[in-house]
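A structural walkthrough
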Amino acid sequence: MFGLPAIIWFLIFIGIFALLYWIIPLKYSWISYLALTFLFAYLAYRVTPNDTDDITRYFHEMAFMREYGTEELDRVVEQNLFDFKNFRASMYYVYFISKFNNDYLLPAANIFISYALSFITIYKASRRFDVSKWNTFIGVMFFISTYWYYDEYSGTRNGISFTLAFACAYQLLVERKYMLLSAVGLIIACLFHSGGIIPVVLIILTELTLNTSGKFVNFLLVFGIIVGAFGIRFLDSISDNSFVKGIAGKVDTYEADSTLGTLTTAFMVNIVVLAVVFLILLYYSIFLLDNSRAGEIRRFYKFSSIVCYFCIGAIFSPLIFLRFARWILPLIGAIIFMLGRQFQVNYIREKTIAYCHFYAPLSISLRTKTQTMVVLLFNAFTAVHLWYLCNGSSMVWLHFDWEMIE
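Everything quoted here is computed from the prediction, not taken from an experiment.

1. Some points on the overall build of the protein
Of regular secondary structure, the protein possesses 22 helices and zero strands. When the 406 residues of the protein are sorted by exposure, 56% land in the buried category. Looking at the protein alone, contacts between residues at least 24 apart form 78% of all its contacts between residues at least 6 apart. Surface exposure of the protein reaches about 18,100 Å², of which carbon and sulfur atoms provide 67%.

2. Considering the packing of helix H17 (residues 318-327) against helix H18 (residues 329-351)
At a closest axis distance of 4 Å, the pairing of H17 and H18 adopts a crossing angle of 40 degrees. Classed by the angle they form, the pair H17 and H18 counts as oblique. Residues Phe324, Ala325, Arg326 and Trp327 of H17 form the contact with H18, whose participating residues are Leu329, Pro330 and Leu331. Here the contact of H17 with H18 is composed, by residue class, of six nonpolar, no polar and one charged.

3. Details of the packing of aromatic side chains
Counted under the stated rule, the structure contains 48 aromatic pairs. Across from the ring centre of tyrosine 21, 5.5 Å away, lies the NZ or CZ of lysine 133, which sits over that ring.

4. Observations regarding the confidence of the model for the protein
Overall, the prediction assigns the protein a mean pLDDT of 85, with 85% of residues at 70 or greater. Across residues 228-236, where pLDDT falls below 50, the model places twelve contacts with residues more than four positions away in sequence or in other chains. Here residues 402-406 is modelled with pLDDT under 50, and outside its nearest four sequence neighbours on either side it reaches nine contacts, counting other chains as well.

5. As for the environment of isoleucine 364
Within the secondary structure, isoleucine 364 is located in helix H20 (residues 362-369). Residue isoleucine 364 is classed as buried on the basis of its relative accessible area, which comes to 5%. The sequence separation of isoleucine 364 and phenylalanine 287 amounts to 77 residues, and the corresponding C-alpha distance is 8.8 Å. Ignoring any residue separated from it by four or fewer positions in sequence, one finds isoleucine 364 in contact with Ile286, Phe287, Tyr347 and Cys356.

6. Comments concerning unusual backbone geometry
For threonine 156, which is not glycine, the phi dihedral falls at a positive 70 degrees. Its location among the elements puts threonine 156 in the loop between helix H8 (149-155) and helix H9 (157-175). Not every positive phi belongs to a glycine, and threonine 352 is a case in point at roughly 80 degrees. With respect to the secondary-structure elements, threonine 352 resides in the loop between H18 and helix H19 (353-358).

7. Comments concerning the packing of helix H6 (residues 105-128) against helix H7 (residues 133-146)
Two numbers describe how H6 lies on H7: the axes approach to 11 Å, and their chain directions differ by 160 degrees. The angle between H6 and H7 places the two elements in the roughly antiparallel class. The crossing of H6 and H7 is right-handed. In contact with Tyr115, Ser118, Phe119, Ile122 and Ser126 of H6, H7 contributes Thr136, Val140, Phe143 and Ile144. Looking at the contact of H6 with H7, its residues break down into six nonpolar, three polar and no charged.

8. Details of H6
Over its 24 residues, H6 extends 34 Å from the first C-alpha to the last, a length consistent with the 34 Å expected when each residue adds 1.5 Å. Once H6 finishes, aspartate 130 follows within two positions and takes phi at roughly 55 degrees, a positive value.

9. Some thoughts on a nonpolar patch on the surface
On the surface, Tyr28, Trp30, Ile31, Leu34 and Phe38 cluster together into a nonpolar patch covering about 480 Å² of accessible area. Secondary-structure assignment places tryptophan 30 in helix H2 (residues 30-46).

10. Here's the deal with the pattern of salt bridges
Scanning all chains against the criterion turns up seven salt bridges. Among the ionic pairs, glutamate 175 bridges to arginine 128, the shortest N-O distance being 3.1 Å. Linking glutamate 175 in helix H9 with arginine 128 in helix H6, this pair joins segments that are 47 residues apart in sequence. The class for arginine 128 is partly exposed, based on a relative accessible area of 23%. Several salt bridges converge on common partners, so that one network encompasses Glu61, Glu72 and Arg75.

11. A closer look at helix H11 (residues 197-208)
With twelve residues, H11 extends 17 Å between its outermost C-alpha atoms, agreeing within 8% with the 16 Å of an ideal straight helix rising 1.5 Å per residue. Ile197, Ile198, Pro199, Val200, Leu202, Ile203, Leu205 and Thr206 are the residues of H11 that are buried.

12. What about the environment of arginine 57?
Positionally, arginine 57 belongs in helix H3 (residues 54-68). Each C-alpha atom, one on arginine 57 and one on phenylalanine 82, is 9.4 Å from the other, the two residues being 25 residues apart in sequence.

13. Side note on the state of the cysteines
The full count for this structure, using the stated rule, is zero disulfides. Left unpaired, cysteine 168 is separated from the closest cysteine sulfur, that of cysteine 190, by 10.0 Å. Judged by its relative accessible area of 7%, cysteine 168 falls in the buried class.

The rules we used
Position numbers for residues count from 1 along each chain, tracking the sequence in the order it is written. Since the coordinates come from a predicted model, pLDDT governs what is reported: local features require at least 70, and pairs of side-chain atoms require 80 or more to be given and counted, while whole-chain, interface and lining totals use all residues. Side-chain descriptors were evaluated using all non-hydrogen atoms of the structure, hydrogens and water having been removed beforehand. Helix and strand assignments follow DSSP, with helices taken as H or I runs no shorter than four residues and strands as E runs no shorter than two, numbered in order from the N terminus. Working definition: with a 1.4 Å probe on protein chains only, accessible area under 20% of the residue-type maximum means buried, over 50% means exposed, and in between means partly exposed. Here, two residues are considered to be in contact whenever any of their heavy atoms come within 4.5 Å of each other. The Shrake-Rupley method, run with a 1.4 Å probe sphere, supplies the accessible areas, and residue values consider only the shown protein chains as cover. Axis lines are fitted to C-alpha atoms, over the contacting stretch for helices. Their N-to-C directions set the angle, which ranges from 0 to 180 degrees. Should an angle fall under 35 degrees it is called roughly parallel, over 145 degrees roughly antiparallel, and 65 to 115 degrees roughly perpendicular, with every other angle called oblique. Residue type decides the class: Asp, Glu, Lys and Arg count as charged, Ala, Val, Leu, Ile, Met, Phe, Trp, Tyr, Cys and Pro as nonpolar, and the leftover types, Gly among them, as polar. Side-chain rings of Phe, Tyr and Trp, where Trp is taken by its six-membered ring, are said to pair if the distance between their centres is within 6.5 Å; with planes under 30 degrees apart they count as stacked, over 60 as edge-to-face, and otherwise as tilted. Our definition puts a charge over a ring when NZ of Lys or CZ of Arg is within 6 Å of the ring centre and also within 35 degrees of the ring normal. For every residue, the predictor assigns a confidence score, pLDDT, that lies between 0 and 100. The sense of a crossing depends on the near helix, which, turned anticlockwise from the far helix by less than a right angle, makes the crossing left-handed and, turned clockwise, makes it right-handed. Between the first and last residue of a helix there are one fewer steps than residues, each counted as 1.5 Å, and that sum is the expected span. Residues forming no salt bridge and having over 30% relative accessible area are the ones grouped into patches, like charges within 9 Å of each other and nonpolar side chains (Val, Leu, Ile, Met, Phe, Trp, Tyr) within 5 Å. Here, a salt bridge means any side-chain nitrogen of Lys or Arg that lies within 4 Å of a carboxyl oxygen of Asp or Glu. Disulfides are defined as pairs of cysteine sulfur atoms found within 2.5 Å of each other.

See the structure below:
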């Protein structure tokens, strides 16, 4: 477009979002989120995939769906192509998009759905807890810089499944509204991709262990993958259910690929993202759990903690870890920072800076004295990760086909 590389347009669109965000009153900031969602979706529509991308295989399948209709659906179920037999929601999603006779609507829809769900969740959290415009902006930028755009553009099912599960988790754990609709959303996430089952299990675990000692649950989570894999294989050995066997097959794939890129820069960057989110969670915990609205935050904090400990255990199963690191940790990091920083500001304003510096408990005093440094470091990490996203991640494959565009 206009002779500029796709990655430059990605950055331009972020700049447009930032401009709109600061021009528009906070109450109507959803307009800037909506604009960026459409711009990112439009970019996905214009980008040309590489031959080795997952989205290219979906393009081929959509061509068959257009030509043979429901007969093709019967064939992919019978042969279990793309594992559609076990995860029908994604099959019907791809089939629906194929009816528009334009392959590029699929990646555009992938991006639109994922970013729309993410921004809706962030916006709802910022409005519910009266987060300032500045703190919300920092959280949003962290999300944008750490959420892997190109992986969602190409992967189709993974990002939507994980993002949908997270959006429903927030609704169930914090808003406590539209419970039935959220439950349906979680079912769809499970039927969209096998990976979506894991965050759903963690949501259930959050509810079951809300009043349980965190140390036991955290220990269980770190070693949960080994136990979970054993359990799935046991069910596979005694069951003929195709869904169970499909999950068992995924477990074998995850373990077979356990050495996938564990020493690559991308993998190490994702570990750093986990570390940053975990440290932010610990740093702001005292403000999140010790205020007048702690009851509303407690379940989400517990879920975030469970996800972080699970990710520590999942480091040795990289395919699982990477999906959490690229599609759920960015949202947790954004929301935890927004709420934690706002509650910290509110606390200091209420108690006065003098009290927090000299008379408050040591845990409060240290956090008060280091608040500016933490915000600066968080911003610095966001900027560095945005640079990496554009120069070292899968985004380097983002490109236009000039002949097709012209």
